[in-house]
Amino acid sequence: MSSNPFVVPPKIPADLCEEILFCCREAWNWGGLRGFNGNVSRLWDCPPFGTLILMTRAGVCKGRLNAADICLLRADGTLFSGGPASSEAAMHLAVYRARPDCRAVLHTHPPHLLALGIRLAGRMEDFLRLPLYESEVWRARLGVAPACAPGTTELAERVAEQAQQYPAVWMSGHGLCACGETLAEALGLSEQLEHLAEVQLMSGIGDTGTEEA
């Protein structure tokens, strides 16, 4: 609920709710979200309150999300309505501060990217290195943050550092954070990177003792 009991929080527009629900359903369909993992946020310019943040709340299954599962945060991260906010709220806020052009953040746990990270055992120089034109195009948009405990200030800071230069950040041992002007942009970027990881796993390129084609 609002930090000020005398201020009535604004009603979130139906189209913005549907945008978040659609993004979660799509990410669920290709496996980027499962169970209670992952989180989504979007900025909302809402006079006279200024810029507010719509975010999926903690402990909800993203594949069966409804409008009541979206909470509202002020720009400083304090809860305005709904909640509790996602445990990764600090990371979303840090990315927005690092990238003024960013209006949406999607944090997924893509299974092929996770499996590839495990298989390569930290050899990030081989991560998504494929003899394909699109490999370098999309890999150039991916930064890497070191392994940090989820929900921590350290993770938020490391992701924000990478986000200043890259629209997608691989959180080692954790998942993917993608941002963009829209959730559709962040979703598409996440899908592209997950697809390349699937191709690399199928090809075996980067495995110890495997020569690249």
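Residues numbered from 1 in each chain as written. Predicted model: local features only at pLDDT ≥ 70, side-chain atom pairs only at ≥ 80, totals over all residues. Heavy atoms only, no water.

- Labelled according to an unreviewed UniProt entry, the protein appears under the name Class II aldolase/adducin family protein, originating from Candidatus Desulfovibrio intestinavium.

### Overview of helix 5 (residues 153-163)
Since there are 3.6 residues in each turn of an α-helix, residues three or four apart along the chain are aligned in direction.
Piece 1. Taken residue by residue, helix 5 has L155, A156, V159, A160 and A163 as its buried positions. One side of helix 5 holds all its buried residues, which, seen down the axis, span an arc of 125°.
Piece 2. Looking at the buried side of helix 5, the elements it contacts are helix 2 (89-98), strand 6 (142-145), strand 7 (168-171) and strand 8 (175-180). (Buried < 20%, exposed > 50% of the residue type's maximum accessible area, 1.4 Å probe, protein only. Helix = DSSP H or I, 4+ residues; strand = E, 2+ residues; numbered from the N terminus. Arc of directions from axis to C-beta. Contact = heavy atoms within 4.5 Å.)

### Things to note about the pairing of strand 7
Both faces of the sheet carry side chains from a regular strand, because those side chains alternate between them.
Piece 1. With burial as the criterion, each face of strand 7 is covered, one bearing A168 and W170 and the other bearing V169 and M171.
Piece 2. When strand 6 meets strand 7, the two strands line up parallel, connected through four bridges. Across the sheet, the residue bridging to L142 is A168, located in strand 7.
Piece 3. In this region the chain leaves strand 6, passes through helix 5 and returns to the parallel neighbour strand 7; the handedness of that crossover is right-handed.
Piece 4. Here strand 7 runs beside strand 8; their pairing, made up of four bridges, is antiparallel. Paired with A168 across the bridge in strand 8 is A178.
Piece 5. Counting the residues between successive antiparallel strands, the hairpin from strand 7 to strand 8 contains three residues, one of them, G173, with a positive phi of roughly 70°. (Pairing = 2+ DSSP bridges. Right-handed = clockwise from strand over helix to strand, strands pointing away.)

### Remarks on the environment of R123
Piece 1. By secondary structure assignment, the location of R123 is in the loop between helix 3 (111-120) and helix 4 (133-139).
Piece 2. In this structure R123 comes out as partly exposed when scored by relative accessible area, which is 23%.
Piece 3. C-alpha separation for the pair R123 and C61, spaced 62 residues apart in sequence, amounts to 32 Å.
Piece 4. Side-chain polar atoms of R123 contact the side chain of D126, separated by 2.5 Å. (Polar contact = N/O pair within 3.5 Å; in protein donor to acceptor, adjacent residues only side chain to side chain.)

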